[in-house]
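Examination of the molecular architecture
Okay, here's what each chain looks like letter by letter:
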Amino acid sequence: MTIANKYDVIIVGAGPSGSVCANFLGREGHKVLLVDKAKFPRDKTCGDACSGKSIAVLRELGILSDVKKAAHGVNNGVIFSSPKGTILEIRTDSQDGFVCRREILDNIIYKAAKKYVETLEEFTVTDLIKEGNQVVGIVGTDKTGKEMKINANIVVGADGAMSVVAQKVGVFEIDPNHHCLAVRGYYDGVTGMKDVIELHFTKTAIPGYFWIFPYEDGTANVGLGMLTKDVKARNVNLKELMENEITLNPTFKERFKDAKLISEIKGWSLPLGSKIRKQIAGDGWLLLGDAASLIDPFSGEGMGNAMTSGKIAFRTISRALRLGAYSQKILGEYEQEIKNELNKELEMSYLLQRLGKNEFLLNLVIDKAARNPEIRKELTTMIVSEEAKKSFSSPLFYLKLLFS
Ligand SMILES: Cc1cc2nc3c(=O)[nH]c(=O)nc-3n(C[C@H](O)[C@H](O)[C@H](O)COP(=O)(O)OP(=O)(O)OC[C@H]3O[C@@H](n4cnc5c(N)ncnc54)[C@H](O)[C@@H]3O)c2cc1C
């Protein structure tokens, strides 16, 4: 394949954020190059759970049906458990969630983008080309180690948690208060799974949580995540903690009695949206998804906001290309739109994250919700509806929780 000297847009990273952005831009006829250091299909360490927010973008791109045809676990709700062991099951029954291995899901979005844009795999971006402050291209190496420079009007950093683009524009940081570490492995033969994802705030796991996300074939994505600050302060080995949960916690010991680990246990970072990067758009560049630090600080869900950022970035980039203007003044609209769209929800999730660290409050809230159908109903609506999530901020909701 011949790579041109210059593109309208180069997108670095073909995960959900980059591939969604490429899909939208490509369909509008822009000259886009989507590069990734991996060869697709590729795995990404993840819990693999997708909620309504991701589904809405996949539907808009017309590729939800491809995901539904591929192997995936259906998710009709959530089970929460408290440190003292109370189980709260919230069923949505809307089928508006699924668990799909990233090797499959990301490849579907990437392949859809490939119909409209040029792609370059096994190409690792190492630097940016700049003219003064203006980013005007990328530098990288192909699989043979050959260095290549490619120019573009706009460079999009969709290159994940350790984003080289964020580093090279000087906004990268790991703040242990707003950063999480998590491990996950695939297991076969866990018993007692239903068509719901499970988040367990056990005594061992808090201030983090232990998860079991079931697939269609009886296997499960099992993991444990915790704020980096707490991992450091408690000198925690997450893999060991997860294995202890499975072998020592009486509930899980029984459920994992005949289960087999069928993958490596892998770990990776989650840059949380409780502190979005100090700048996510500048002269000739934008950052999406994990590169911009947009992961939900309570649930650890990052794909929804990654895909949403890809769509919002498309709108700004499309306008900039129409105007032929690529300065921060124009591209900064993306930053404002992201904040308008996500800030309220991220603030509420940050509040819930802090609540989720307190054993007393966790027991209280999960107990109350397990007993009180009205609270359960309210939580169900919030899980299903993006709009209703915003009413987490309603003082009435908290009064009901505390005094019902
Ligand atoms: C253990 C764990 C569990 C999680 N569970 C969930 C979950 O259940 N649900 C959920 O929604 N989210 C979950 N997340 C978060 C989710 O994985 C991320 O938020 C999501 O993948 C972000 O998408 P992205 O497109 O921004 O980045 P990524 O998916 O990380 O994609 C980045 C891409 O950039 C490429 N790349 C990186 N550097 C370069 C370079 N220098 N040059 C070229 N290419 C490069 C990579 O190969 C990769 O393909 C979890 C994360 C972890 C670590």
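What you see is a predicted model, and the numbers here were worked out from it, not measured in a lab. (Residues numbered from 1 in each chain as written. Predicted model: local features only at pLDDT ≥ 70, side-chain atom pairs only at ≥ 80, totals over all residues. Heavy atoms only, no water.)

Once that is clear, we can look at the overall build of the chain. A count of helical and extended segments in the chain gives 15 helices and 19 strands. Compactness check: the chain gives a C-alpha radius of gyration of 21 Å against a globular reference of 22 Å for 404 residues, within 12% of the reference. Here the chain holds 404 residues, and the buried ones make up 57% of them. Long-range contacts, defined as pairs at least 24 residues apart, comprise 71% of the intrachain contacts of the chain with a sequence gap of at least 6. (Helix = DSSP H or I, 4+ residues; strand = E, 2+ residues; numbered from the N terminus. Rg over C-alpha atoms; globule rule 2.2 N^0.38 Å. Buried < 20%, exposed > 50% of the residue type's maximum accessible area, 1.4 Å probe, protein only. Contact = heavy atoms within 4.5 Å.)

Next up on the list: the packing of aromatic side chains. If you walk through the whole model with that rule in mind, you get 11 aromatic pairs. Counting every residue linked through ring pairs, the aromatic cluster contains Phe-80, Phe-201, Tyr-209, Trp-211, Phe-213 and Phe-298. Taking the ring centre of Tyr-215 as reference, the NZ or CZ of Arg-101 above it sits at 4.0 Å. (Phe/Tyr/Trp six-rings, centres within 6.5 Å; stacked < 30°, edge-to-face > 60°. Lys NZ or Arg CZ within 6 Å of the ring centre and 35° of its normal.)

Bringing the domain arrangement of the chain into the picture now. Often the size quoted for an interface is simply the accessible area lost on bringing the parts together. Split by domain assignment, the chain resolves into domain 1 (6–72 + 101–174 + 274–351) and domain 2 (74–98 + 176–271). Computed over C-alpha atoms only, the centres of domain 1 and domain 2 are separated by 28 Å. Taken together, the 34 residues of domain 1 in the interface contact 25 residues of domain 2. For the domain 1 and domain 2 pair, buried surface summed over both sides reaches about 2600 Å², with 58% attributable to carbon and sulfur atoms. Together, Thr-45, His-72 and Arg-101 form the three largest contributors to the area buried by domain 1 at its contact with domain 2, with a combined 24%. Counting across the domain 1 and domain 2 interface gives four salt bridges. One can count 15 residue pairs in polar contact (both at pLDDT 80 or more) joining domain 1 with domain 2. Here the side of domain 1 that touches domain 2 gets four residues from one element, more than from any other, and that element is helix H2 (residues 52–60). When the residues that make up the side of domain 1 that touches domain 2 are grouped by side-chain class, the tally is 16 nonpolar, nine polar and nine charged. (Domains from an automatic or database assignment. Buried area = accessible area lost by both parts, 1.4 Å probe. Salt bridge = Lys/Arg side-chain N within 4 Å of Asp/Glu carboxyl O. Polar contact = N/O pair within 3.5 Å; in protein donor to acceptor, adjacent residues only side chain to side chain. Nonpolar A, V, L, I, M, F, W, Y, C, P; charged D, E, K, R; others polar.)

Ile-11, Ile-138, Ile-150, Ile-154 and Ile-317 are the most contacted members of the largest nonpolar core, which totals 78 residues. In terms of residue count, helix H10 (residues 303–323) provides more of this core than any other element does, eight residues in total. With residues up to four places along the chain from it excluded, the contact list for Ile-11 reads Gly-18, Cys-21, Ala-22, Leu-25, Val-32, Leu-33, Leu-34, Val-35, Val-156 and Ala-158. (Core = buried A, V, L, I, M, F, W, Y, C linked by side-chain atoms within 4.5 Å.)

Turning to the packing of H10 against helix H11 (residues 328–355), a few remarks are in order. For the pair H10 and H11, the least separation of the axes is 8 Å and the interaxial angle reads 155 degrees. The angle between H10 and H11 places the two elements in the roughly antiparallel class. For the pair H10 and H11, the sense of crossing is right-handed. Residues Asn-305, Thr-308, Ser-309, Ile-312, Ala-313, Arg-315, Thr-316, Arg-319, Ala-320 and Leu-323 of H10 lie in contact with H11, whose contacting residues are Ile-330, Leu-331, Glu-333, Tyr-334, Glu-337, Ile-338, Glu-341, Leu-342 and Leu-346. Among the residues making up the contact of H10 with H11, the classes are represented as 10 nonpolar, four polar and five charged. (Axes fitted to C-alpha atoms, helices over the stretch in contact; angles between N-to-C directions. Parallel < 35°, antiparallel > 145°, perpendicular 65-115°, else oblique. Left-handed = near helix turned anticlockwise from the far one by under 90°.)

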